[in-house]
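Commentary on secondary and tertiary structure
What follows is the residue order along each chain.
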Amino acid sequence: MAKFEPVLLKRIAKDNSDHIDSYIADGGYLGLKKVLKDMAPAQVIDLVKASGLRGRGGAGFPTGLKWTFLPKDHPGPIYLCINADESEPCTFNNRVLMEKDPHQVLEGIILTSYAVGASKTFIYVRYEYGDAYRSMERAVQQAYDKGLLGKNIQGSSFSLEAVMHKGAAAYICGEETGLIESLEGKRAWPRIKPPFPAIEGAFRKPTIVNNIETVSCVKNIIDLGADWFKSIGIPPDPTNPRDAGSYGPKLYCVSGHVNRPGLVELPMGISVRELITEHGGGVWKNRKAKGVIPGGNSMGFMTEAELDTKLDFNGPGKVGCLGLGTGAVTVFDDQTSIVDVLYNICRFFAHESCGQCTPCREGTAWMFKIIDRIRKGHGRIEDLNILEEVGNQIGTMPGTTICGLADGAGWPVKNAIRKYRNEFESYIKNGDKKVRTLNLQMSHH
Amino acid sequence: MSSLKPEIVEKIKSLIPLYPAKQAVTLPALHLVQDQERCVSQQAIVEIAALLELSPAEIHDTMSFYGFFKTESNPLGKCRLWVCRSLACDLRGADDLLNKLITKLDVAPGQTTKDGMFTLEEAECIGACEGAPCVLINDVHSLNVFDADRLIDDIRKKL
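Predicted model only: the values in this text are computed from it and were never measured.

Criteria and cut-off values
Residues numbered from 1 in each chain as written. Chains lettered and ligands numbered in written order. Predicted model: local features only at pLDDT ≥ 70, side-chain atom pairs only at ≥ 80, totals over all residues. Heavy atoms only, no water. Helix = DSSP H or I, 4+ residues; strand = E, 2+ residues; numbered from the N terminus. Contact = heavy atoms within 4.5 Å. Areas by Shrake-Rupley, 256 points an atom, 1.4 Å probe, with all protein chains shown as cover. Lys, Arg positive; Asp, Glu negative; His and termini not counted. Charge placed at Lys NZ, Arg CZ, Asp CG, Glu CD. Pairing = 2+ DSSP bridges. Axes fitted to C-alpha atoms, helices over the stretch in contact; angles between N-to-C directions. Buried < 20%, exposed > 50% of the residue type's maximum accessible area, 1.4 Å probe, protein only. Arc of directions from axis to C-beta. Patch = residues over 30% accessible without salt bridge, like charges linked within 9 Å, V, L, I, M, F, W, Y side chains within 5 Å. Salt bridge = Lys/Arg side-chain N within 4 Å of Asp/Glu carboxyl O. Core = buried A, V, L, I, M, F, W, Y, C linked by side-chain atoms within 4.5 Å. Polar contact = N/O pair within 3.5 Å; in protein donor to acceptor, adjacent residues only side chain to side chain. Nonpolar A, V, L, I, M, F, W, Y, C, P; charged D, E, K, R; others polar. Domains from an automatic or database assignment. Parallel < 35°, antiparallel > 145°, perpendicular 65-115°, else oblique. Left-handed = near helix turned anticlockwise from the far one by under 90°. Phe/Tyr/Trp six-rings, centres within 6.5 Å; stacked < 30°, edge-to-face > 60°. Lys NZ or Arg CZ within 6 Å of the ring centre and 35° of its normal.

All right, on to the overall build of chain B then. When helices and strands are counted, chain B shows seven helices and four strands. Traced from its N-terminal end to its C-terminal end, chain B shows the element sequence α-α-α-α-β-α-α-β-β-β-α. In terms of overall dimensions, chain B has C-alpha extents of about 50 × 30 × 25 Å along its principal axes. Taking the contacts inside chain B whose residues are at least 6 apart along the sequence as the reference set, 62% of them involve residues at least 24 apart. A total accessible area of about 6600 Å² is found for chain B, and carbon and sulfur atoms account for 53% of it. For chain B, the distance from the average site of its 17 positive side-chain charges to the average site of its 23 negative ones is 5 Å.

In structure tokens form, the structure reads like this:
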């Protein structure tokens, strides 16, 4: 097989890769100009549907299908919200795209807006991505200056305003209705669905929410075609009637105990083992992996024995993970305590639960208290059952919460206890309980 | 007595036409104020509310949802130093880094140094896991931070 050439990351190492002149010199915005001249919005939607593109933010919903949920012949306005609140732990591909190739992202945003009939796009960037925000802000200004945003873009009847919007460091804003509430200036409390945003979204108007990597794929589907996109990746699993296939290139983040942490673009469906050995430089210090988090904290755990699992939308579920998530793989080596790893993850969700739904607010807090107790050496074997019970009771799947944060909080707990039960039991019975603590002996306190 | 500087008021007003509803300017306004004043005072809340035709309670409600904004009783230092504690950084020495910074700055997480230069904070994943352990200096990433002394000395030179 021919060596895979990156498409989404093709330009990131170039000098001035973020400037519009360099982007245009590389053929940028030609696709947009062609579309504005030759294609109706419905044709763009059909093309994206035909490509099989599924959202890259975590849920994997077919992008073109999502667009068709907008009401037909709506008088407008219709809004496109760009979800650049990339906050799933261990995920950073949106940041690199925005910092290094903001015009690729922006061309994807303009194309998506054209397809869905949006007259305004809100680009919601998490506060922590200051450089990415400023890079996108410059790109938006350069695009206005060149007539690629604003009224009657390139002489067409299509007009689009782009507004940059900054978050304030809250994980829940990555949930699409939490993001909308936050954009509106309220607490980022996710909404009960339906109505879905396509029917009633930002400012009560029909709204599409798409991720940065997703719109970057849209840009390349326009340039290279639906057949190109579909020639990469994994077709639907015939044994899973709900699997729509996993096509196109994917940005995989590799972090944790590897020799070369980083970002790599590969065909969808690489195995975790190949990702770690071939692209992450292998597990560090000549150790073995004890396991990985395959797609952000929410997705659960894969053990060393499960590392041949493919990272497509259908793969991680086969070994009991919640899904592909963001495709961000974090490796922990065989010297790491699973108790410490789970403690870190439970602390994250207890901190980031938005507090709206009681089962999530209380459940994440109690899971953290229990794992903290275990870690400090005061655990009991029955605590493991309590943890599993709490994990099973919180989330949209049991039907106790409005959004999926709690499903993602419970999943790693359930996975860890099922897959590493012996280690938890041994730790509780005779673990060394060497807990790291902060050094808070300050002189003036 | 008004607390918002005239240029901040003008900037807030200029953002209103960008959004279909004035309330959407809440976060941008809070950012503008905190970036300059290092906190958002109760008086500033009242004045933002007046500009956006909202109740001060609505501004306060949104502001307090995000642990991000500081009140006048606990303003930020000139440099807000966020140390990432999430998994990828934890696996590569985030605890060590935080401990060194606590010693070096002589403050606990959440506190500000006596000279008002640094506020030390723990952060959940800041999205720079390829450079773990990493920190944010206000909103700018610094990657592979293994030398706490050098980090602080470099920032001091720039401030």
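Residues and elements named next belong to chain B. Pairing is mixed in the open sheet, where four strands are placed in the order 2-1-3-4. Both outer strands of the open sheet, strand 2 (118-123) and strand 4 (140-142), are each paired with one neighbouring strand and no more. Here the strands of the sheet are splayed against their neighbours by 25° on average, with no regard to which way each runs. Sheet topology places strand 1 (residues 79-84) next to strand 2; six bridges connect them, and they run parallel. Paired with Val 83 across the bridge in strand 2 is Glu 122.

Attention shifts here to helix 2 (residues 30-38) of chain A. All names here are of chain A. Of all the positions in helix 2, only Gly 31, Leu 32, Val 35 and Leu 36 are classed as buried. In a view along the axis of helix 2, the buried residues occupy a sector of 130°, so they form one face of it. Across from the buried face of helix 2, at angles greater than 90 degrees, the exposed residues are Leu 30, Lys 37 and Asp 38. If you follow the buried residues of helix 2, they end up packed against helix 3 (41-51), helix 6 (102-116) and helix 9 (212-224).

A surface patch of nonpolar side chains, amounting to about 260 Å² of accessible area, comprises Phe61(A), Leu65(A) and Phe69(A). You can see Leu65(A) is positioned in helix 4 (residues 63-68).

Grouped burial of nonpolar side chains is what soluble globular proteins tend to show. Core analysis: the largest hydrophobic core is formed by 159 residues, its most contacted members being Leu106(A), Phe301(A), Phe424(A) and Tyr66(B). Per-element accounting of this core gives the leading share, nine residues, to helix 13 (residues 338-352) of chain A. Counting 23 residues, the second largest nonpolar core, distinct from the first, contains Ile270(A), Val272(A), Ala289(A) and Met302(A).

Tallying each qualifying case throughout the model produces 44 salt bridges over all chains. In this structure, Glu121(B) engages Lys70(B) in a salt bridge whose closest nitrogen and oxygen atoms are separated by 3.4 Å. Residue Glu121(B) is located in strand 2, and its partner Lys70(B) is located in the loop between helix 4 (56-65) and strand 1; the two are separated by 51 residues in the primary sequence. Judged on exposure class, the residue Glu121(B) and its partner Lys70(B) are both buried. Sharing partners across several salt bridges, the network here consists of Arg11(A), Lys14(A), Asp26(A) and Asp101(A).

Time to look at the interface of chain A and chain B. Contacts between chain A and chain B engage 67 residues on the former and 49 residues on the latter. Counting across the interface, chain A meets chain B through three salt bridges. The partner of Arg187(A) in a salt bridge is Asp61(B), with the nearest N and O atoms 2.4 Å apart. Linking chain A with chain B are 20 residue pairs in polar contact (both at pLDDT 80 or more), by the criterion used here. Only helix 5 (93-100), strand 2 (120-125), helix 7 (130-145), strand 3 (161-166), helix 8 (176-183), strand 7 (249-256), strand 11 (328-333) and helix 13 of chain A provide two or more residues apiece to the side of chain A that touches chain B. Of all the elements, helix 13 of chain A adds the most residues to the side of chain A that touches chain B, at seven residues. When grouped by side-chain class, the residues that make up the side of chain A that touches chain B number 32 nonpolar, 20 polar and 15 charged.

Attention now moves to the domain arrangement of chain A. All names here are of chain A. Partitioning chain A into structural domains gives domain 1 (20-231), domain 2 (246-333) and domain 3 (338-430). Taking only C-alpha atoms into account, the centre of domain 1 sits 35 Å from that of domain 3. Each partner contributes residues to the interface: domain 1 has twelve residues there, and domain 3 has eight residues. Taken together, domain 1 and domain 3 are joined by zero salt bridges.

Right, let's get into the packing of helix 5 of chain A against helix 7 of chain A. Residues and elements named next belong to chain A. Between helix 5 and helix 7, whose axes approach to 7 Å, the crossing angle comes to 40°. In terms of axis orientation, helix 5 runs oblique to helix 7. Both helix 5 and helix 7 take part in a crossing whose hand is left-handed. For the pair formed by helix 5 and helix 7, the contact residues are Arg 95, Met 98 and Glu 99 on the first element and Asp 131, Ala 132, Ser 135 and Met 136 on the second. Residues belonging to the contact of helix 5 with helix 7 are distributed by class as follows: three nonpolar, one polar and three charged.

It is worth spelling out the packing of aromatic side chains at this point. Inspection of the entire model under this criterion finds 20 aromatic pairs over all chains. Taking 4.8 Å as the distance between ring centres and 80° as the angle between the ring planes, the aromatic pair formed by Tyr171(A) and Phe348(A) counts as edge-to-face. Placement of the pair is Tyr171(A) in the loop between strand 3 and helix 8 and Phe348(A) in helix 13, with a sequence separation of 177 residues. Assigned by exposure class, Tyr171(A) and Phe348(A) land together as buried. Taking 5.1 Å as the distance between ring centres and 80° as the angle between the ring planes, the aromatic pair formed by Phe348(A) and Phe349(A) counts as edge-to-face. Each member of the pair Phe348(A) and Phe349(A) is classed as buried. Cluster of aromatic residues (ring-pair linked, three or more members): Tyr79(A), Phe122(A), Phe203(A) and Tyr19(B). Taking the ring centre of Tyr129(A) as reference, the NZ or CZ of Arg126(A) above it sits at 5.1 Å. Directly above the aromatic system of Trp366(A) lies the positively charged group of Lys369(A), at a separation of 4.2 Å from the ring centroid.

Residue and element names in this part refer to chain A. For strand 9 (residues 289-293), the tally of buried residues reaches five of five residues, placing the bulk of the element in the interior. In this structure, strand 9 lies alongside strand 11, joined through four bridges in antiparallel fashion. Each bridged residue has a counterpart across the sheet, and for Val 292 the counterpart in strand 11 is Val 331. Taken together, the two bridges between strand 9 and strand 10 (residues 302-303) define a ladder with antiparallel strand orientation. Of the residues in strand 10, the one forming a bridge with Gly 291 is Thr 303.

This next bit is on the domain arrangement of chain B. Under the domain assignment, chain B is made up of domain 1 (6-65) and domain 2 (79-158). Relative to domain 2 of chain B, the C-alpha centre of domain 1 of chain B lies at a distance of 29 Å.

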